[in-house]
Amino acid sequence: MDAMKTRPSSFSRNVPSTSTPQIPGVKTGPNGTAFVSSGIPDLDKILGGGFSLGSLVIVMEDPEAPHHMLLLRNFMSQGLVHNQPLLYASPAKDPKGFLGTLPSPVSSRTEKSPGYEPVEDKGLRIAWQYKKYFHGSQQTINNQGAIENKHEYGHDFDLRKPLQRQFITAQKVECISLQDCPDLSAVRDLCAAFLAQFPRKDGSISSVARIAIQSLCAPECSYFNREWHMLSFIKILRSMLRSTNAVAVVTFPPSVLSPSFSKRWQHMADALLSVRAIQDEDKDLAKLLTGYQDMVGLLSIHKVIRTNTQVPVILEATTFSMKLQKRRYLALECLNQAPVDGSSGSLYSTSGSCSITTSSKPGSLDF
């Protein structure tokens, strides 16, 4: 008797059994959307996976503090660690000097958490088949200087430790100074030639690339007063990204543009972020927020990438505090309101039991 053949249901999609090979630094999300990490694990979780391929991310700068450089550094370092080609444009005279300020990735969770103890040190004997579930993924450096890690998607970066030279020299990194360009036609042609190497064909991904453009409308550039010219460049860049396996992050100071053109720039973004610095001695804000002393700035998310989906993304919060854990690792946290009496401390109780205590000093609210 012949074996019964299973017939696919009318509700199931007939897809080929062969799956695309997993590329380091690329993660597949719902509806086949491919993501790359922003270099900040907390931001990847907030955005639902990271930056999707073919998208344009615009960051509005704070004119008083260069906090947008923190986002650019992590974004660029994340690509270099995964052996992803990079195109960097800056209004600085020597943009290659900025590569020396890129942070170095944390090799393992034990480096970020000194209190972590391996499982075998606790006296537990585990079969070798299950050791990988306790230690996580292993990291090795190949001959090209890239980290070979199939399970690691995003890294934590140490802002005090510079990126090793082997990561920069071994990669395909192109730098261009915006001061040397009388207009943006040279930058447009360079981006077109760079993105032509990473076309999107039949949904297959062989390699991905990143573009980082810092302060596109900086006053140091000769095309500073040509707002329509800059807006046209953004439109062309966005259209080129749609058919490529690349992500572009563009930062600009909105204060130097007219309000109408600033709004046009924001509408062109697939993901729109903004950073804002915090004054060191803002007593009113310190009473309002917990952990104010550890904050270096605020990150606001105005628009989330919506590619290959019709479901709106609803964030739990739109403004997050930028903190440096141990003054090295960039982390994002939801803003927590301080207690009513203005004292410092966590908003959530650490004990699991409910108890009523009396205090010698009455507060504004006495239960």
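Scope of this entry: the structure provided in the associated data block. Not measured: the values here are computed from a predicted model. (Residues numbered from 1 in each chain as written. Predicted model: local features only at pLDDT ≥ 70, side-chain atom pairs only at ≥ 80, totals over all residues. Heavy atoms only, no water.)

**Some remarks on the environment of Ala 277**
Moving on, step 1. Within the element layout of this structure, Ala 277 appears in strand β13 (residues 271-277).
Moving on, step 2. Excluding anything up to four places from it in sequence, Ala 277 contacts Asp 62, Ala 65, His 67, Val 296 and Gly 297. (Helix = DSSP H or I, 4+ residues; strand = E, 2+ residues; numbered from the N terminus. Contact = heavy atoms within 4.5 Å.)

**Section: the nonpolar core**
Moving on, step 1. Judged by nonpolar contacts, the single largest core of 45 residues is most densely connected at Leu 43, Phe 51, Val 57, Met 76, Leu 299, Ile 301 and Leu 332.
Moving on, step 2. When residues of this core are assigned to their parent elements, the largest contribution, eight residues, is made by helix α2 (residues 68-81).
Moving on, step 3. Beyond its immediate chain neighbours, meaning those up to four positions away, Leu 299 contacts Leu 43, Leu 71, Leu 273, Ser 274, Val 275, Thr 318, Thr 319, Phe 320, Met 322 and Leu 332.
Moving on, step 4. If you look at the next biggest cluster of nonpolar residues, it comprises 39 residues, including Ile 58, Ile 213, Tyr 223 and Val 250. (Core = buried A, V, L, I, M, F, W, Y, C linked by side-chain atoms within 4.5 Å. Buried < 20%, exposed > 50% of the residue type's maximum accessible area, 1.4 Å probe, protein only.)

**Quick look at the environment of Arg 276**
Moving on, step 1. Mapped onto the elements, Arg 276 comes out in strand β13.
Moving on, step 2. With residues near it in sequence (within four places) discarded, Arg 276 still touches Asp 62, His 67, Gly 297 and Leu 298.

**Things to note about helix α6 (residues 185-195)**
Moving on, step 1. Among the residues of α6, those classed as buried are Val 187, Cys 191, Phe 194 and Leu 195. Buried residues along α6 cover an arc of 90 degrees about the axis, so they all sit on one side.
Moving on, step 2. Its buried side turned inward, α6 meets β5 (86-90), β10 (173-177), β11 (209-213), α7 (227-242) and β12 (246-252). (Arc of directions from axis to C-beta.)

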